[in-house]
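Architecture at a glance
Listed below are the residues making up each chain.
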Amino acid sequence: MDADNIEAKDLFEVIGTRRSIRYYQTWRPVEDEKIQMILEAARRATHAANAGATGAVVVTRDEIDDSDLSATLPANLQLQLAPVLIFWYGDISAWEQQGEKLKELMKVYALNTTHGWSEKLIDDLIVPFTKAQGDETNWLMTALDAGAAIAQAQLMATRLGLGTCMNQWAGNPGILGLPETCKVFWIMTLGYPAESMEAGGQRPRRPFSDLFHRGKYGTPFPESDEAVAEMRERRLLQREAPLPWRAAEVRALAHMFGLPE
Ligand SMILES: Cc1cc2nc3c(=O)[nH]c(=O)nc-3n(C[C@H](O)[C@H](O)[C@H](O)COP(=O)(O)O)c2cc1C
């Protein structure tokens, strides 16, 4: 497997380098081995009870009709440009095995009596509690499960020199052959970026102090200047968008792909 395009190495740098990439090298396929590593990174994410509620169907762009992508937001042109589409789905039926999976975690000493775990607790309390929660809450848990998996998949893709973007899809999951217990959450586009990995800089976010609190909501979690300096040094924090040449880069990309400017 070629190792070109691999820029980010350290985890700090991988997190800092990931961007939503919307221009792809349409002509360059993604190696199956890299896709496998991306999927494995997702499988290694923390999952509720390790029940296995998150999965994905990988489709190359030439294996899917334009009409099957039409139930998406109009601005999601990246679906046309990306050589690979990964349909991340949740499977609500996975929770039927929750008890069994928790017992498996006990057998490997991940869940222990030190913390009050027992087969009786699982059978009498945990499994009935999950059932009683109902589908709406269990779908929420399934979506969180998928989110953790997708985040790891995106970081692995970045580490391998690939770009990703999440995309809304309200198409017919029937085309994927998924069982009725499954729901496609979102499509992840995947491919070698046609834009630079920096993609014009890190995108704007709400301030840290608005989002993270100490003790209670409204008391910002304190930020240390040294931590900020280290994160800059290790490239978790990078130059912010828009970099001076970004508008010109977008114009060049528009020209290359024949897109409106
Ligand atoms: C759940 C989710 C759904 C998203 N849906 C879309 C989408 O439909 N179309 C799109 O262009 N970007 C979508 N995005 C990408 C975000 O808009 C993106 O995070 C933002 O453009 C820039 O931030 P980033 O480059 O740091 O990722 C989605 C992201 C997430 C996590």
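These figures come from a predicted structure and were not determined experimentally.

The next thing to look at is the overall build of the protein chain. A tally of helices and strands in the protein chain yields 8 helices and 4 strands. Its helices and strands taken in sequence order, the protein chain reads α-α-β-α-β-α-α-β-β-α-α-α from the N to the C terminus. A principal-axis box enclosing the C-alpha atoms of the protein chain has dimensions of 65 × 50 × 40 Å. Burial analysis of the protein chain (261 residues in total) assigns 25% to the buried set. Counting contacts in the protein chain only where the partners sit at least 6 residues apart, residues at least 24 apart contribute 82% of the total.

Attention shifts here to the site of the ligand. Within the structure, the ligand sits among Arg-19, Ser-20, Leu-73, Asn-76, Cys-165, Met-166, Asn-167, Gln-168, Trp-186 and Arg-203. Sort the elements by how many residues they give to the shell around the ligand and strand 3 (residues 163-167) lands first, with 3 residues. Residue composition of the shell around the ligand, by class: 4 nonpolar, 4 polar and 2 charged.

Regular strands place their side chains on alternate faces of the sheet. Burial of strand 4 (residues 182-191) is extensive: 7 of the 10 residues sit out of reach of the surface. Sheet topology note: the strand 2 (residues 84-91)/strand 4 ladder contains 8 bridges and is antiparallel. Along strand 4, the bridge assignment pairs Tyr-89 with Val-184.

Counting buried residues along helix 7 (residues 225-233), only 0 of its 9 residues qualify, which leaves the element largely exposed. Among the residues trailing helix 7, Arg-235 stands out with phi positive, at a value near 70°.

If you look at the biggest cluster of nonpolar residues, it comprises 35 residues, and the most contacted ones within it are Ile-86, Trp-88, Ala-153 and Leu-190. Listing elements by their share of this core, those giving two or more residues are helix 2 (32-43), helix 3 (78-81), strand 2, helix 5 (119-159) and strand 4. Ala-48, Ala-51, Ala-53 and Trp-95 belong to the second largest nonpolar core, which has 8 residues in total.

Let us look at unusual backbone geometry. With an omega of 0°, the peptide bond between Ala-241 and Pro-242 qualifies as cis. Assignment of secondary structure puts Pro-242 in the loop between helix 7 and helix 8 (246-257). Within the chain, Asn-50 stands out as a residue other than glycine whose phi angle is a positive 45°. Structurally, the position occupied by Asn-50 is in the loop between helix 2 and strand 1 (54-60). Given 18 C-beta atoms within 10 Å, Asn-50 falls into the partly exposed group. The phi dihedral of Arg-235 is positive, around 70°, even though this residue is not glycine. Inspection of the secondary structure puts Arg-235 in the loop between helix 7 and helix 8.

Packed helices, taken two at a time, are described by their axes: the angle between them and the distance between them. In contact at an axis separation of 7 Å, helix 2 and helix 5 are set at 145° when each is read in the N-to-C sense. Considering how the two elements wind past one another, helix 2 and helix 5 form a crossing that is right-handed. For the pair formed by helix 2 and helix 5, the contact residues are Met-37, Ile-38, Leu-39, Ala-41 and Ala-42 on the first element and Ala-149, Ile-150, Gln-152, Ala-153, Leu-155, Met-156 and Ala-157 on the second. Within the contact of helix 2 with helix 5, the residues separate by chemical class into 11 nonpolar, 1 polar and no charged.

A few words on the sheet that holds strand 4. What links the strands of a sheet is backbone hydrogen bonding, and the strands pair in either a parallel or an antiparallel sense. Overall, antiparallel pairing links the 4 strands, which are arranged 1-2-4-3 in an open sheet. Taken across any chain shown, the strands that pair with only one partner, and hence form the sheet edges, are strand 1 and strand 3. Averaged over all adjacent pairs, the angle separating strand axes in this sheet is 25°, with direction ignored. Across 5 bridges, the pairing between strand 3 and strand 4 is antiparallel. Pairing of Thr-164 across the sheet is with Leu-190, part of strand 4. Where helix 5 meets the sheet, its contacts fall on strand 1, strand 2, strand 3 and strand 4, and the angle it forms with strand 2 comes to roughly 150°.

The rules behind each value
- Residues numbered from 1 in each chain as written.
- Predicted model: local features only at pLDDT ≥ 70, side-chain atom pairs only at ≥ 80, totals over all residues.
- Helix = DSSP H or I, 4+ residues; strand = E, 2+ residues; numbered from the N terminus.
- Buried ≥ 20, exposed ≤ 12 C-beta atoms within 10 Å, placed from the backbone.
- Contact = placed C-beta atoms within 7 Å.
- Near = placed C-beta within 6 Å.
- Nonpolar A, V, L, I, M, F, W, Y, C, P; charged D, E, K, R; others polar.
- Pairing = 2+ DSSP bridges.
- Core = buried A, V, L, I, M, F, W, Y, C linked by C-beta atoms within 7 Å.
- Axes fitted to C-alpha atoms, helices over the stretch in contact; angles between N-to-C directions.
- Left-handed = near helix turned anticlockwise from the far one by under 90°.

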